[in-house]
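Architecture and fold: a report
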Amino acid sequence: MTPQLKNRLMLVATLAMLGAAAFIMARNEELIFRDKGELTVTRDANDPDTLVFIWRDKVEAPMARRFEEAWREWGNKGNRVIIDLHSPGGDIAEGAEVIRVIERMKRTHIVDTRVRSRRACYSMCVPIYLHGEERYAAANARFMFHEPSAYDFYTGERVKQPKFERDMLTKRYFNIYFVNSPITPAWRDQLAQDWKGRDLFFTARQLVEQNSNIVTVLE
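For the structure given in this document, a descriptive report is provided here.

Thresholds applied
- Residues numbered from 1 in each chain as written.
- Predicted model: local features only at pLDDT ≥ 70, side-chain atom pairs only at ≥ 80, totals over all residues.
- Heavy atoms only, no water.
- Helix = DSSP H or I, 4+ residues; strand = E, 2+ residues; numbered from the N terminus.
- Buried < 20%, exposed > 50% of the residue type's maximum accessible area, 1.4 Å probe, protein only.
- Pairing = 2+ DSSP bridges.
- Contact = heavy atoms within 4.5 Å.
- Axes fitted to C-alpha atoms, helices over the stretch in contact; angles between N-to-C directions.
- Core = buried A, V, L, I, M, F, W, Y, C linked by side-chain atoms within 4.5 Å.
- Expected span 1.5 Å × (residues − 1).
- Arc of directions from axis to C-beta.
- Right-handed = clockwise from strand over helix to strand, strands pointing away.
- Salt bridge = Lys/Arg side-chain N within 4 Å of Asp/Glu carboxyl O.

Let's shift gears to unusual backbone geometry. Proline 62 follows alanine 61 through a cis peptide bond whose omega is 10°. Within the secondary structure, proline 62 sits in the loop between strand 2 (47-55) and helix 2 (63-74). One non-glycine residue, arginine 118, lies in the positive phi region at around 65°. Relative to the helices and strands, arginine 118 resides in the loop between strand 4 (110-115) and strand 5 (120-122). Looking at arginine 118, the relative accessible area reads 73%, which means it is exposed. Positive phi, normally seen in glycine, also occurs at serine 123, with a value near 55°. Note on placement: serine 123 falls in the loop between strand 5 and helix 4 (125-129). With relative accessibility at 13%, the residue serine 123 sits in the buried group.

Now the structure itself:
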């Protein structure tokens, strides 16, 4: 066997191994996400024309797909949607996809958001919550704000970033989800100062008392 032929065979074998590894990784990824994140849809007990989309999980795949599927199935069965949230937050990109679905829903329906008593809306859940036209919350519902962090997709471990990268990511996140939002500008500007390196927790009552305009209806 000539050296050229041997090298060619080794290259073919290497490509085959990489292809098999990519297939296995994609298959594992599909299995991981297939059954995660259940979206429950019900009718409001007091108004049969109001649909309630209930999400009790992280903001991660397949959340946006679940919303899209539910909207296709239920969109013509009511004229208003309440998105009932209880989430520790999660992936920014997935949250952006969920928001896109909500914006499509708002073209034809009233869409409100809600966090019930003793429930929470943390991190990336908050930008989703902010896309409700009315934003309901129980007085003791909890909200958390913090600067975005980068995580390794496969291990879930937090990735240490250079300061300029962290600052750029934070500025982009803040401009997209908080500058272009209903939040009162003065409260928003104070948030930009206070959340540096910290997790900030508020009850819904505190947010109302601070005139943040995050919660519009206290239940």
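Next comes the rest of the description.
Let us look at the sheet that holds strand 6 (residues 135-137). The strand order 1-2-3-4-6-9 describes an open sheet built from six strands, whose pairing is mixed. Edge positions in the open sheet fall to strand 1 (39-44) and strand 9 (217-218), since each of these has one partner strand only. As defined by bridge partners, strand 2 adjoins strand 3 (residues 80-85) across six bridges and the pair is classed as parallel. Opposite threonine 50, over in strand 3, you have arginine 80 as the bridge partner. Against the sheet, helix 2 engages strand 1, strand 2 and strand 3, with an angle of about 165° to strand 2.

Take the nonpolar core next. Phe53, Tyr129, Phe143, Phe145, Phe178 and Ile214 are the most contacted members of the largest nonpolar core, which has 49 residues in total. Non-local contacts of phenylalanine 178, meaning those with residues more than four positions away in its chain, are made with Val126, Pro127, Leu130, Phe145, Tyr173, Ile183, Arg188, Leu191 and Trp195.

As summarised here, the arrangement of the three strands in space is 5-7-8, forming an open sheet in which the pairing is mixed. Lying at the two open borders of the sheet, with one neighbouring strand each, are strand 5 and strand 8 (200-203). The average undirected angle you get between the axes of adjacent strands in this sheet is 15°. Note that strand 5 and strand 7 (residues 142-145) share three bridges and pair parallel. By the bridge assignment, cysteine 121 is partnered in strand 7 with phenylalanine 143.

Between its first and last C-alpha, helix 2 extends 16 Å over twelve residues, near the 16 Å set by a 1.5 Å rise per residue. Those residues of helix 2 that sit buried are Met63, Ala64, Arg66, Phe67, Ala70, Trp71 and Trp74. Along the axis of helix 2, the buried residues cluster in a sector spanning 160°; they form a single face.

Moving on: the pairing of strand 2. When strand 1 meets strand 2, the two strands line up antiparallel, connected through six bridges. Counterpart to arginine 43 in the pairing with strand 2 is leucine 51. Here strand 1 folds back onto strand 2, and the loop between the two strands holds two residues. One crossover worth recording links strand 2 to the parallel strand 3 by way of helix 2, and it is right-handed.

Next up on the list: the pattern of salt bridges. Think of it this way: side chains of opposite charge can pair up when their charged atoms draw near. The final tally for this structure, using the stated rule, is eleven salt bridges. Between arginine 56 and aspartate 84 there is a salt bridge, with the nearest N and O atoms lying 2.7 Å from each other. Here aspartate 84 lies in strand 3 and arginine 56 lies in the loop between strand 2 and helix 2, a separation of 28 residues in the sequence. The class for arginine 56 is partly exposed, based on a relative accessible area of 30%. Arginine 72 serves as the salt-bridge partner of glutamate 68, at 3.9 Å between the closest nitrogen and oxygen. Here the residue glutamate 68 and the residue arginine 72 both occupy positions in helix 2, the gap between them amounting to four residues, near one helical turn. Assessed through its relative accessible area of 59%, arginine 72 is described here as exposed. Shared partners join several salt bridges into a network, and the residues in it are Arg56, Asp84, Arg114 and Arg116.

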